[in-house]
Amino acid sequence: MKFALSDLGIVCALGCGKNEVLKNALSASVVGMVKSDSVIKGSQTVLGEVSCSLPEISNSYYDTRCNQLALKAVLEIESCILDAISKYGKDRVGVVIGSSNSGMREFQNEYYLYSRCNNINKPLACHGELGNCADFLREYFKLTAPSYTISTACSSSAKAFASAQNLLKNNVVDAVIVGGADSICNFVVNGFSALGAISTNLTNPMSVNRSGINIGEGAGIFLMTKESASINLLSVGESSDAYHITSPDPSGEGAKLSMLDALKKANLQPSQIDYLNLHGTGTLFNDSMESKAVNSVFGENLKCSSTKAMTGHTLGAAGAIEAGLCYLMMSDLNSTKQLLPHVFDGNLDDKISRISLVDNCEYANVKYVLSNSFAFGGSNASVILEKA
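Keep in mind it's a predicted model, so treat the numbers as computed, not measured. Residue numbers here run from 1 along each chain, matching the order of that chain's written sequence. Per-residue local features are limited, in this predicted model, to residues with pLDDT of at least 70; the limit for side-chain atom pairs, both in listing and counting, is 80 or more; totals at the level of whole chains, interfaces and linings are taken over all residues. No hydrogens and no water enter the side-chain calculation; it runs on all heavy atoms of the structure.

Caption draft 1: Up close: unusual backbone geometry. A positive phi angle, near 60°, is found at N171, a position not held by glycine. Where helices and strands are cited, they refer to DSSP runs of H or I of at least four residues and of E of at least two residues respectively, numbered from the N terminus. Inspection of the secondary structure puts N171 in the loop between helix 6 (156-169) and strand 7 (175-182). Per-residue accessibility, obtained with a 1.4 Å probe over protein chains only, is compared with the maximum for each type, and a residue is labelled buried under 20%, exposed over 50%, and partly exposed between these values. Assessed through its relative accessible area of 47%, N171 is described here as partly exposed. Phi at K337 is positive, roughly 65°, even though this residue is not glycine.

Structure follows, in structure tokens:
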């Protein structure tokens, strides 16, 4: 059963709004990837930062950068959401958001000031609550239908599509505001650094010179309904290999199962997929594992790319933002039918399984695309979109 992706709002290091993000993505822009030596003590990294102005939030309970990013994306499709509320009612429009940080950025800063600087204001625990973003969007539109947050690390907002799909399939709601949002948080960046996963330079997925990830921020928000649209969600494949708390299963079996599950649910053969958006983090183990899994399912000729060198790894928002990039690539805004480029140094690691990476300015008619999101603990999700 397919579900309509009626509209998309998006903000990330590539820009604000559909047109700017698509234009910069197709030109392989790294305009929002900014070097920083102030986040990790004694080390440099690159961050995928949103530079445009964000809307203010007057309620202190919800006043976080994560919610500002989500609101910026939502405002782009607000008229579409309001039409759905008018048509179906406030009790029939749900909210499902994927996030791994929520307002941890603000809570971390508040806690530091309170504990180290004798600030009289106690940290607002609500800012660290994972459900804060979904609650904010529910309150913003005064909705009474189910609203909640999915938090499975880097697969969060990809899995949000599965939850939204289930709400629609089971007639709990008639429309869902679905996607993901996350902001850059020093605590999280340093956590990845402690794992040895942070690159000091621009991330370099699938390269023999790859050395880790860049953290990014942003939001991608869709309105999903049962009605027809030019681009639809066909399926979400999921698996949980539980190989290790942080490292992916080197065999790629969990990733492979996720992709096969998505294909089965969409009633598609591997040969019908026209493009694959890689999780492609630029870490030694993820890229090796993912290339092995992709080659096993699709062979070596399917066009693939990782977009993380242009956006950074947006963690809980990654699944929705990368599905958003696929949506834009498939949309009529992309009149030339250019594929999303794979941005790296060009030095493919010949020790990983062979896959076909998109060069700059490659073009193709695309009907079905698959987008991968893999997370700590082996929480894997693969999303398939269809151009009607």
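From this point on, the discussion continues.
Caption draft 2: Broad picture of the state of the cysteines. Cysteine sulfurs are considered disulfide-paired once they come within 2.5 Å of each other. This structure, assessed with the given rule, holds one disulfide. Here C16 engages in a disulfide with C52; their sulfurs sit 1.8 Å apart. When the S-S torsion is -65°, as for the bridge of C16 with C52, the disulfide is left-handed. Of this pair, C16 sits in strand 2 (residues 15-16) while C52 sits in the loop between strand 4 (45-48) and helix 2 (65-76), and the two are 36 residues apart along the sequence. For C52, a relative accessible area of 24% corresponds to the partly exposed category. In this structure C66 is a free cysteine whose sulfur lies 4.5 Å from that of C133, the closest cysteine sulfur available. Judged by relative accessible area, C66 falls into the buried class, the value being 0%. Here C326 stays unpaired: no disulfide links it, and the sulfur of C304, its closest cysteine neighbor, is 11 Å away.

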